[in-house]
Amino acid sequence: MSVDTQSVAHPKTKGFPAEASLSRLRQFGMPIALIVIIVYFSLASDVFLTGQNFRNVALQAAALAAVAVGQCFVILNADLDLSVGSAVALISVISAMAMAAAGAPVGIAAGLLTGATIGLVNGLVVTRLRVMAFIATLAMLSIAQGLALRISKGVPITGIPGSFADLAFANVFGVPLPFLIAAALIVLGFWTLHYTRLGRNIYAVGGNTEAARLSGISVSATKIAAYVVSGLCAAIASLILTARVGTGQPTLGASMSLESVAAVVLGGVSLFGGRGSIAGVAIGVAFVSILSNGLNLLNVSSYTQMMIVGAALIAAVAADQALTHKK
């Protein structure tokens, strides 16, 4: 007896048109929103479409992009890193002190080591002590901020070599060097997540922790690695910002925690883990950076901008919840 396969719906394909629509909405929603705000600010400000302004956006986006790449690794694991803002400040102070004492290469190495250490401690607290990621990284935020203020005594650290500070304003074929560094980090993050074992493990752990464990994946090692990546990315962002301001600042990067989470979630990475990509994060970074730049051009206060970014984050998470539950 033959069966007409065209008349029998496969269980896995039932409701496929609806799922395809949701997938397209996730994929194209943020790019469309990005185009909308670009058009709006182009019409609202005569300065927005100038080359100098695009350079300013690129410089502003570089540090946020670096932090957001690391935040993406953690959130894909269904965790969160709220310590990145204070980590940026602590790394800035330590790297500036090291540069003033022993030169730029030593300072850069000290900054990267500090970032990796912060990430390692976060990972160990979450996995070994079984402290919720929200609480663990919130505590690290306080610890790192306190250390930065104590070490620096609350004042900027001077003595950074001029050659290092000049890197923040250097150009390669007319493109700001910090932007190129951030772009390289995005490419490296994309390659790591999609073409390495660590990337596959991160998606597996974020998608279903218990299934990943039963498959032989070390959940603890994967989570620790993600936090170390986040710490290293925060270090790169801190070095970019430290070069821009020319001093080690104990209050640098105060808004990075909120902005990085917003950029990642707006870029389509689910806070529940296992879904999203670095490509989406890059769009999220562009959205947050252009939104901030456009609002500055329109003389909107920084306090109002924080409110707008917070509201956008709530909207993105609510939309993710709604789309997930409709499946």
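Remember, it's a predicted structure, so these values are computed and weren't measured experimentally. Per chain, residues are indexed from 1 in the order of the written sequence. Per-residue local features are limited, in this predicted model, to residues with pLDDT of at least 70; the limit for side-chain atom pairs, both in listing and counting, is 80 or more; totals at the level of whole chains, interfaces and linings are taken over all residues. Heavy atoms throughout the structure, all of them, feed into the side-chain values; hydrogens and water do not.

1. Considerations on the confidence of the model for the protein
Looking at the protein as a whole, its pLDDT mean stands at 88, while 90% of the residues score no less than 70. For every residue, the pLDDT score states the predictor's confidence, bounded by 0 at the bottom and 100 at the top. Under the DSSP-based scheme used, a helix requires at least four consecutive residues in state H or I and a strand at least two consecutive residues in state E, with every element numbered from the N terminus. By mean pLDDT, the top-scoring element of the protein is helix H4 (residues 104-127) (97), and the lowest-scoring one is helix H1 (residues 16-44) (75). Residue contacts are counted whenever heavy atoms from the two residues lie within 4.5 Å of one another. Here residues 1-15 is a poorly scored stretch, pLDDT under 50, and it has 2 contacts once near neighbours within four places are set aside; other chains count.

2. Notes on the nonpolar core
One recurring pattern in soluble globular proteins is that nonpolar side chains are buried together. Counting 79 residues, the largest nonpolar core has Cys72, Leu193, Leu266 and Val285 as its most contacted members. For this core, the element with the most residues is helix H2 (residues 51-76), which contributes 15 residues. Ignoring anything within four residues of it in the chain, the contact list for leucine 193 reads Cys72, Phe73, Leu76, Gly199, Arg200, Ile202, Tyr203 and Ile278. Side-chain atoms within 4.5 Å link the members of a nonpolar core, which is a set of buried Ala, Val, Leu, Ile, Met, Phe, Trp, Tyr and Cys residues. Here the term buried applies to any residue with accessible area under 20% of the maximum for its type, exposed to any over 50%, and partly exposed to those in between, with areas from a 1.4 Å probe on protein chains only.

3. What about the side chain of serine 260?
Looking at the secondary structure, you find serine 260 in helix H11 (residues 256-266). Here a polar contact is taken to be a pair of N or O atoms separated by no more than 3.5 Å, where protein atoms must pair a possible hydrogen donor with a possible acceptor and residues adjacent in sequence count only if both atoms sit in side chains. Only 3.1 Å separates the side chain of serine 260 from the backbone oxygen of serine 257, close enough to count as a polar contact. Among all residues touching serine 260, those that are not within four sequence positions of it are Leu64, Val67, Ala68, Gln71 and Val84.

4. Brief notes about helix H7 (residues 177-195)
If you check H7, its first and last C-alpha atoms are 26 Å apart, about what 19 residues at 1.5 Å a residue would give, namely 27 Å. Regarding H7, the residues found buried are Pro178, Ala182, Leu185, Gly189, Thr192 and Leu193. Taken end-on, H7 shows its buried residues confined to a sector of 90°, consistent with a single buried face. Facing away from the buried surface of H7 by more than 90 degrees, the exposed residues are Val187 and Tyr195. Buried residues in H7 make contact with H2, strand E2 (175-176), helix H8 (197-207), helix H10 (219-245) and helix H12 (278-297). By this rule the span expected of a helix is its residue count minus one, scaled by 1.5 Å. The arc in question is formed by the directions pointing from the helix axis toward the C-beta atoms.

5. Concerning the environment of leucine 76
Following the sequence through the fold, leucine 76 ends up in helix H2. Each C-alpha atom of the pair leucine 76 and serine 277 lies 8.7 Å from the other, and the pair is 201 residues apart in sequence. Residue contacts for leucine 76: discarding those within four places in its chain leaves Leu193, Ile202, Tyr203, Gly206, Val269, Gly273, Gly274, Arg275 and Gly276.

6. Notes on the side chain of threonine 127
The topology assignment puts threonine 127 in helix H4. A distance of 2.7 Å separates a polar atom in the side chain of threonine 127 from the backbone oxygen of glycine 123. Discounting residues that sit within four places of it in the chain, threonine 127 has contacts with Ser220, Lys223 and Ile224.

7. Comments concerning the packing of H2 against H10
Axis geometry follows a simple rule: fit a line to the C-alpha atoms, using only the stretch in contact for helices, then measure angles between N-to-C directions, giving values from 0 to 180 degrees. Running from amino to carboxyl end, H2 crosses H10 at an angle of 170°, the nearest separation of the two axes being 7 Å. As summarised for this structure, H2 and H10 are arranged roughly antiparallel, according to the angle between their axes. From H2, Leu59, Gln60, Ala62, Ala63, Ala66, Val67, Val69, Gly70, Gln71, Phe73 and Val74 reach across to H10, where they touch Ala226, Tyr227, Val229, Ser230, Cys233, Ala234, Ile236, Ala237, Ile240, Leu241 and Arg244. Should an angle lie under 35 degrees it is considered roughly parallel, over 145 roughly antiparallel, and from 65 to 115 roughly perpendicular; all remaining angles are considered oblique.

8. Topic: unusual backbone geometry
Positive phi, normally seen in glycine, also occurs at lysine 153, with a value near 60°. Here lysine 153 is to be found in the loop between helix H5 (133-152) and helix H6 (162-165). For lysine 153, a relative accessible area of 71% corresponds to the exposed category. If you check the backbone angles, phenylalanine 173 has positive phi at about 55° while not being a glycine. Tracing the backbone through its elements, the reader meets phenylalanine 173 in the loop between strand E1 (171-172) and E2. In this structure phenylalanine 173 comes out as exposed when scored by relative accessible area, which is 85%.

9. What to know about the environment of leucine 188
Within the fold, leucine 188 resides in helix H7. According to the relative accessible area criterion, leucine 188 is partly exposed, its value standing at 47%. Along the sequence, leucine 188 and isoleucine 278 sit 90 residues apart, while their C-alpha atoms lie 9.6 Å from each other.

10. Focus on the environment of phenylalanine 41
With respect to the helices, strands and loops of the structure, phenylalanine 41 is situated in helix H1. Of the residues examined, phenylalanine 41 reaches a relative accessible area of 3% and is grouped as buried. Put simply, phenylalanine 41 and asparagine 293 are 252 residues apart on the chain and 9.3 Å apart in space, counted from C-alpha to C-alpha. When residues no more than four places from it in sequence are discounted, the contact partners of phenylalanine 41 are Phe48, Ile290, Leu291, Gly294, Leu295 and Leu298.

11. Describing the packing of aromatic side chains
Stacked, tilted and edge-to-face are the three classes applied to pairs of Phe, Tyr and Trp rings, where Trp contributes its six-membered ring and a pair requires centres within 6.5 Å; stacked means planes under 30 degrees apart, edge-to-face means over 60, and tilted covers the rest. On inspection of all chains with the given rule, the structure shows 4 aromatic pairs. Considering the side-chain rings of phenylalanine 48 and phenylalanine 54, the 6.2 Å spacing of their centres and the 70° angle between planes classify their relative orientation as edge-to-face. With a relative accessible area of 1%, phenylalanine 48 lands in the buried category. Counting every residue linked through ring pairs, the aromatic cluster contains Tyr40, Phe41, Phe48 and Phe54.

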